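One-letter residues, chain by chain:
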Amino acid sequence: MPPPHGPYRGLTAEEKAAAPKFTKELGLRILSYLKPYKVKFAIVIVVVLVSAALGVVPSLLTGKMVDDGLLAGNFRVLVELIIASFLVTVVSNALGLLETWLNTSIAQGIIYDMKTQMYTHFQKQPYQYFVESKQGEIVTRMTGDVNGVQSAVSTTMTNSIKNVGTIIVSIVALFQCNWILALTGMAIVPFFILPARVTGKRRWIIARESQEKYDEANSILGETLSESGILLVWLFGKQKREAERFKGVSSDLYSLNIREMLAGRSFFMFINIFTNFGPLLLYLVGGILMLRMEGGPQVTVGEITAAISILGRIYRPVNELMNVGVDFTRSLALFERIFSTLDMVPSIVDKKGATAPEVIRGEIEYDDVHFAYKEDGPEILQGVSFHVEPGETYALVGSSGAGKSTMISLVPRLYDVLAGAIRIDGKDVRDWPLQELRNHIGFVTQDTFLFNDTIRANLLYAKPEATDEELMDACRRAGIADFIEELKDGLDTVVGNRGVRLSGGEKQRLSLARVILKDPEVILLDEATASLDSVSESHIQEALAPLLKEKTSLVVAHRLSTILDADRILVLRDGHIVAAGTNTDLLESSEDYRTFYNTQFKAGKEETQSQRRRALREQRTEAEVSALAWRRSQGHWQELGDFESYY
Ligand SMILES: Nc1ncnc2c1ncn2[C@@H]1O[C@H](COP(=O)(O)OP(=O)(O)OP(=O)(O)O)[C@@H](O)[C@H]1O
Ligand SMILES: [Mg+2]
């Protein structure tokens, strides 16, 4: 959107189109948020109107002080009026306090309601939403926009009522003083309206632009100052570039904010001129009425004083009411953005009447599964079918980008299939209650995520009621217990953002421990592509073997040991499963597999085979070592050979 230039530039067609329209539905929807606070809101309105009425009383009393006190020479009346005026001021200020309190508690209540509603709504969005939305955008929606509701409620709503009240009461009072003075005072009011309207629109345009810039700044901050973002920046030496990018946005914000302020100021300039001009005009007209009229004075000094004082009270509300158009448009835009967020329809939800099978055995079936990330995008899976019996382990191999991660992410419905079906225990995953389905699935993703909290807290996420013994037992089974015991703070060690304080292998084993604690029927494991050192690798292997044996598992394999342990290996290419079988079968029958095996697995195998053996030897218990020595002495070379080559 090009920035508007010139102080009185109107809205372009595009900008007009972008300005939210007030509709009955929108109004009712906003009001629905006020509903829980309707009693408080009613009190606010009463308080506001009473204090608006009281506000004009001191001005009237001032007039009386002049006429009935000072000019009439009645000291007693003067003192009484002073006391009365003082009391009225005290009461109206006390009411002001009450009004602020009520206002704030209504606004904060609405903010609380909206924030919690939005948070749970975000949680229901499909995974793709989080993949695609810019970092910082959600935060801005949740904080900036929602907090803007405060000003929408107090400035826009309550103040408008107050201003209307004040203006009506003041005008009535003004006419009570003297109708000629009243009309004179009113004559100036239209002069406010023109500049107010123009600057108002202009401020709104600038405000909208700066909101976009704020989003952008937040997104830069969130991305480049996150733990993985800063690493990327450093390693590619892009500090300067990112700083420049941030500087760019910040300097845009700088000038936008100044322009917004100035747009306001130029308006105040007009206001100030007319505010000062008003009393002067009243003195002039009052002077004519008092001194130049035939048949004696038509007005008293007190009336002139009161009229000037009342007129002074009108300008501000008029000014604010003029601006209310802008505030209102702004608030509407705010509510519209909030509502459009709330109106996003979650695409992956429970079907009506979805139920889980009574007994869950953990059978997985892919039935002619087709999948694309975008409706018009390429089909990543083009008719994938296979069947995993409960307790079996299937390994998935294929070149990078073949769609292995995609394939397993369909089971817990991170995405829904385009055509075909995935069934667990014979039931389409889309017919399961979503949470129930996920409760029975353990998913270790390719890049594991840990909360920046203690190891204990991260583990308890899977089973909040677990005791420390249970936690350590799971860690033992995941091959991470020794590591944790060696840590100074043990389970209380904080893992850092996303778990950066742990090595890749440690992180993976910790997430395995988390899955062990969860104890699901189905395990989906997306092995990290990065090869682990031999010690971690054998640790993970030890942890995995028994776990995978018990459970139905679908493993994206990047390690030799995994494919060797699998009941069946599926080879994925061009969205199809091109071969399936055991390692031995496939080496014989599948050209694709042989290529993978030779490039992906065997290469790694030869390189690390000896290291692995050494690592294993280091971990063997004395009993194992002596048993081995005994076998060797007995000439069990063949068996030993098998044993060694297995690892
Ligand atoms: N969220 C997404 N939106 C759009 N396309 C995606 C998304 N995630 C992955 N893709 C695309 O889908 C294809 C399959 O990706 P996937 O992550 O499943 O590959 P993979 O087989 O797991 O690869 P690797 O072995 O490298 O992990 C790739 O071409 C990728 O670019
Ligand atoms: Mg992957």
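Cut-offs used in this document
Residues numbered from 1 in each chain as written. Chains lettered and ligands numbered in written order. Predicted model: local features only at pLDDT ≥ 70, side-chain atom pairs only at ≥ 80, totals over all residues. Helix = DSSP H or I, 4+ residues; strand = E, 2+ residues; numbered from the N terminus. Buried ≥ 20, exposed ≤ 12 C-beta atoms within 10 Å, placed from the backbone. Contact = placed C-beta atoms within 7 Å. Near = placed C-beta within 6 Å. Nonpolar A, V, L, I, M, F, W, Y, C, P; charged D, E, K, R; others polar. Pairing = 2+ DSSP bridges. Axes fitted to C-alpha atoms, helices over the stretch in contact; angles between N-to-C directions. Parallel < 35°, antiparallel > 145°, perpendicular 65-115°, else oblique. Left-handed = near helix turned anticlockwise from the far one by under 90°. Core = buried A, V, L, I, M, F, W, Y, C linked by C-beta atoms within 7 Å. pLDDT = per-residue confidence, 0-100. Arc of directions from axis to C-beta. Expected span 1.5 Å × (residues − 1). Bend = angle between axes of the 7 residues up to and from the residue.

### Quick word on the overall build of the protein
- Helices and strands together make up the secondary structure of the protein, namely 23 helices and 10 strands.
- Looking at the protein residue by residue over its 647 residues, the buried ones come to 33%.
- Sequence separation of 24 or more characterises 80% of the internal contacts of the protein that already satisfy a separation of 6 or more.

### With respect to the site of ligand 1
- For ligand 1, the set of nearby residues contains 13 residues, the closest of which are Tyr373, Ser400, Lys404, Ser405 and Thr406.
- The element best represented in the shell around ligand 1 is helix H12 (residues 404–409), accounting for three residues.
- Classifying every residue of the shell around ligand 1 gives four nonpolar, eight polar and one charged.

### Observations regarding the environment of serine 561
- Structurally, serine 561 is set in helix H19 (residues 560–565).
- Distance in space between the C-alpha atoms of serine 561 and glutamate 537 is 9.0 Å, their sequence separation being 24 residues.

### Here we look at the pairing of strand S3 (residues 393–398)
- The element S3 is extensively covered by neighbouring structure, given that six of its six residues are classed as buried.
- Along S3, one buried face is formed by Thr393, Ala395 and Val397 and the opposite face, lined by Tyr394, Leu396 and Gly398, is buried too.
- Inspection of the sheet shows S3 paired to strand S8 (residues 552–556) by four bridges, in the parallel sense. By the bridge assignment, alanine 395 is partnered in S8 with valine 555.

### Considerations on the pairing of strand S6 (residues 441–444)
- Of the two faces of S6, the one holding Ile441 and Phe443 and the one holding Gly442 and Val444 are both buried throughout.
- Two strands pair when backbone bridges link them, and S6 and strand S7 (residues 522–526) are joined in this way by four bridges, in the parallel orientation. Bridge pairing in S7 places valine 444 opposite leucine 525.

### Notes on the packing of helix H3 (residues 38–71) against helix H4 (residues 75–123)
- Contact geometry of H3 with H4 gives a least axis separation of 8 Å together with a crossing angle of 160°. Taken together, the axis directions place H3 and H4 in an arrangement best described as roughly antiparallel. Seen from above, H3 lies across H4 with left-handed handedness.
- The class makeup of the residues in the contact of H3 with H4 is 23 nonpolar, nine polar and four charged.

### Concerning the nonpolar core
- Counting 68 residues, the largest nonpolar core has Ala395, Leu396, Ala513 and Val571 as its most contacted members.
- A total of six residues in this core trace back to one element, the largest contributor, which is helix H17 (residues 504–518).
- With sequence-adjacent residues up to four places away left out, leucine 396 is seen in contact with Lys404, Met407, Leu554, Val555, Val556, Ala557, Leu570 and Leu572.
- The next biggest cluster of nonpolar side chains, apart from the first, holds 46 residues, and it includes Val146, Ala173, Leu311 and Phe335.

### Quick look at the sheet that holds S8
- With mixed pairing, the six strands of this open sheet are ordered in space as S6-S7-S8-S3-S9-S10. Both outer strands of the open sheet, S6 and strand S10 (576–581), are each paired with one neighbouring strand and no more. Averaged over all neighbouring strand pairs, the angle between strand axes comes to 15°, with direction disregarded.
- Packing against the sheet, H17 makes contact with S6 and S7, and its axis sits at approximately 175° to S6.

### Some points on the confidence of the model for the protein
- Averaged over the protein, the pLDDT score is 83; the fraction of residues at 70 or greater is 87%.
- pLDDT under 50 marks residues 1–12. Its contacts with residues more than four places away, or in other chains, come to 10 contacts.

### A closer look at unusual backbone geometry
- Not every positive phi belongs to a glycine, and aspartate 368 is a case in point at roughly 50°.
- Looking at the secondary structure, you find aspartate 368 in strand S1 (residues 364–372).
- Positive phi is not limited to glycine here, since arginine 413 has a value of about 60°.
- In this structure, arginine 413 sits in the loop between H12 and strand S4 (419–424).
- Judged by the 20 C-beta atoms lying within 10 Å of it, arginine 413 is buried.

### Notes on the sheet that holds S1
- Read from one edge of the open sheet, four strands run S2-S1-S4-S5, paired in antiparallel fashion. Since the sheet does not close on itself, it has two edges, and those belong to strand S2 (379–388) and strand S5 (427–428), each with one partner.
- In terms of strand pairing, S1 meets S2 through seven bridges, oriented antiparallel. Of the residues in S2, the one forming a bridge with histidine 370 is glutamine 382.

### Points about helix H15 (residues 468–477)
- For H15, the set of buried residues is Leu471, Ala474 and Cys475. Seen along its axis, H15 keeps its buried residues to an arc of 100°; they face one direction.
- Where the residues of H15 are buried, they touch helix H14 (455–460), helix H16 (481–486) and H17.
- Looking one or two residues beyond H15, the residue adopting positive phi is glycine 479, at roughly 70°.

### What about the packing of helix H6 (residues 137–177) against helix H7 (residues 179–188)?
- Contact geometry of H6 with H7 gives a least axis separation of 5 Å together with a crossing angle of 135°. The pairing of H6 with H7 is recorded here as oblique in orientation. Residues Leu174, Phe175 and Cys177 of H6 form the contact with H7, whose own contacting residues are Trp179, Leu181, Ala182 and Gly185.
- Here the contact of H6 with H7 is composed, by residue class, of six nonpolar, one polar and no charged.

### As for H3
- Counted at 1.5 Å a residue, the expected span for H3 with its 34 residues is 50 Å, and the 49 Å between its end C-alpha atoms agrees.
- Taken as a whole, H3 carries its principal kink of about 30° at methionine 65.

### Digging into the environment of glycine 504
- Mapped onto the elements, glycine 504 comes out in helix H17.
- Here the alpha-carbon distance between glycine 504 and threonine 448, two residues 56 residues apart in the chain, equals 8.5 Å.

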